[in-house]
Structure formats: structure tokens, C-alpha cells
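Here's the letter readout for the chains.
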Amino acid sequence: KAMQLLEEANDADVQLSGHACNNLLNGMFQCGEVQAAEQLWQQLRDRKQANEFTWVIAIGGFAGCKQLDKAMQLLEEADEADVQLSSHAFSKLMIACGDASALVTGEKVHAIATRRKLAHGIEYRNSRLHFLFKCGELQAAEEIWQELHDGKEADAHSFGIAIGGFASNKQLDKAMQL
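Residues numbered from 1 in each chain as written. Predicted model: local features only at pLDDT ≥ 70, side-chain atom pairs only at ≥ 80, totals over all residues. Heavy atoms only, no water.

Colleague: Describe the environment of Ile122, and please don't skip the residues or the numbers.
Modeller: By the element assignment, Ile122 lies in helix α8 (residues 122-134). In this view, Ile122 contacts Leu148, Glu153, Asp155 and Ser158; residues no more than four positions away in its chain are not counted. (Helix = DSSP H or I, 4+ residues; strand = E, 2+ residues; numbered from the N terminus. Contact = heavy atoms within 4.5 Å.)

Colleague: Give me the lowdown on the packing of helix α4 (residues 52-64) against helix α5 (residues 68-80), citing residues and values where you can.
Modeller: Contact geometry of α4 with α5 gives a least axis separation of 7 Å together with a crossing angle of 155 degrees. The orientation of α4 with respect to α5, classified from their angle, is roughly antiparallel. Crossing angle aside, the handedness with which α4 passes α5 is left-handed. Only Leu68, Lys70, Ala71, Leu74, Leu75, Glu77 and Ala78 of α5 make contact with α4, whose side of the interface consists of Trp55, Ala58, Ile59, Phe62 and Ala63. Looking at the contact of α4 with α5 residue by residue, the classes come out as 10 nonpolar, no polar and two charged. (Axes fitted to C-alpha atoms, helices over the stretch in contact; angles between N-to-C directions. Parallel < 35°, antiparallel > 145°, perpendicular 65-115°, else oblique. Left-handed = near helix turned anticlockwise from the far one by under 90°. Nonpolar A, V, L, I, M, F, W, Y, C, P; charged D, E, K, R; others polar.)

Colleague: A description of helix α3 (residues 34-46) should follow, citing residues and the corresponding values.
Modeller: Each turn of an α-helix holds 3.6 residues, which means side chains three or four residues apart point in the same direction. Look at α3: 18 Å from first C-alpha to last across 13 residues, which is about the 18 Å you get at 1.5 Å a residue. Buried within α3 are the following residues: Val34, Ala36, Ala37, Leu40, Trp41 and Leu44. Along α3, the residues classed as buried sweep out an arc of 155 degrees about the axis, all on the same side. Across α3 from its buried face, at more than 90 degrees, point the exposed residues Gln35 and Asp46. The first or second residue beyond α3 is Lys48, which carries a positive phi of 60 degrees. (Expected span 1.5 Å × (residues − 1). Buried < 20%, exposed > 50% of the residue type's maximum accessible area, 1.4 Å probe, protein only. Arc of directions from axis to C-beta.)

Quick look at the structure:
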């Protein structure tokens, strides 16, 4: 239906608003329509209609659909073009890196987020914690957990990640203490 709507708008020479295109792109990714989303993404780029929100949706969408290479490629392109991204794109990509145990890629994401001063919010730090536990980087994960916990920044999601992370890495005593 979404592609039909887009085709009808194109056929009628109607240009959808950026907001409508972003919603359409996000919906396509959420429904797993990656090929259609990729086509729309390319159209938006070709027409110079991709704004910073479009980039965040595309990066997060590809990451969420386990297309890590495409998401990382877009992140690097956005970084080179100095597109103003939110930490949400980095968080989605960091989670995908953890789920794929892609340590090297995740560290590249972290380096870009740090350089852009977007590695400080709770959403990002929770995603980094998830990533480190999934990659078996216990010492680094424990350091982030301690920062969150000691700084009283840990939320319910942080606790869930830490409990699951410690338990899945056979640190049951630490998991039970939380």
C-alpha cells in the first residue's frame, strides 16, 4: 500500500512533504519492507529531499532490519557530509552491532558518536552497554554499568541490560546482586 501511495503521488506529480516521506520510510522499515524502503530512500536522496530525520530513519531502519553494512555505510556518508544526526541513529546501530557481535563495527560507531559528542545520553549508553555485553567485553561493560549506577543515571532498561548481560556472560553472582 505504501509504495502504491508513493507511485500514485509520483504519477500525479504530487510531491509529498518531508514529514510524510519520513513517516512512509519509517513505516516501510517497521514492516520489514526493506527493498521498498531502500527505493524510497534512494528517491529522497536523488531528489535532495532527505533531511537529518530521513538519515536517522534510514540508518536506524537498516540497522533494525539487520542490514548492518548498509546502516554503517549510511552513517559514514552522513558523517562525511556532516549531516546533523541524533543519538538515536547511533543507538539503533550500536544495538545492531551487539546483536551481530560486530565488535569492530560497533567501535567505529562509538568513535563517530564520541567525536560528534552524541555518546552521553542514557539511550546511547544503554545501547553501548548492550553492545559490550553481547560482544563479551565484560570489563568495558562493567565500567559503563558502574558509571550509570554510581551516577544514579541507570534506569529500568539499564538494570535489565546489566542483569541479562552479566547472566549471559556467566557472571550470575553479579546479576543476582542487581
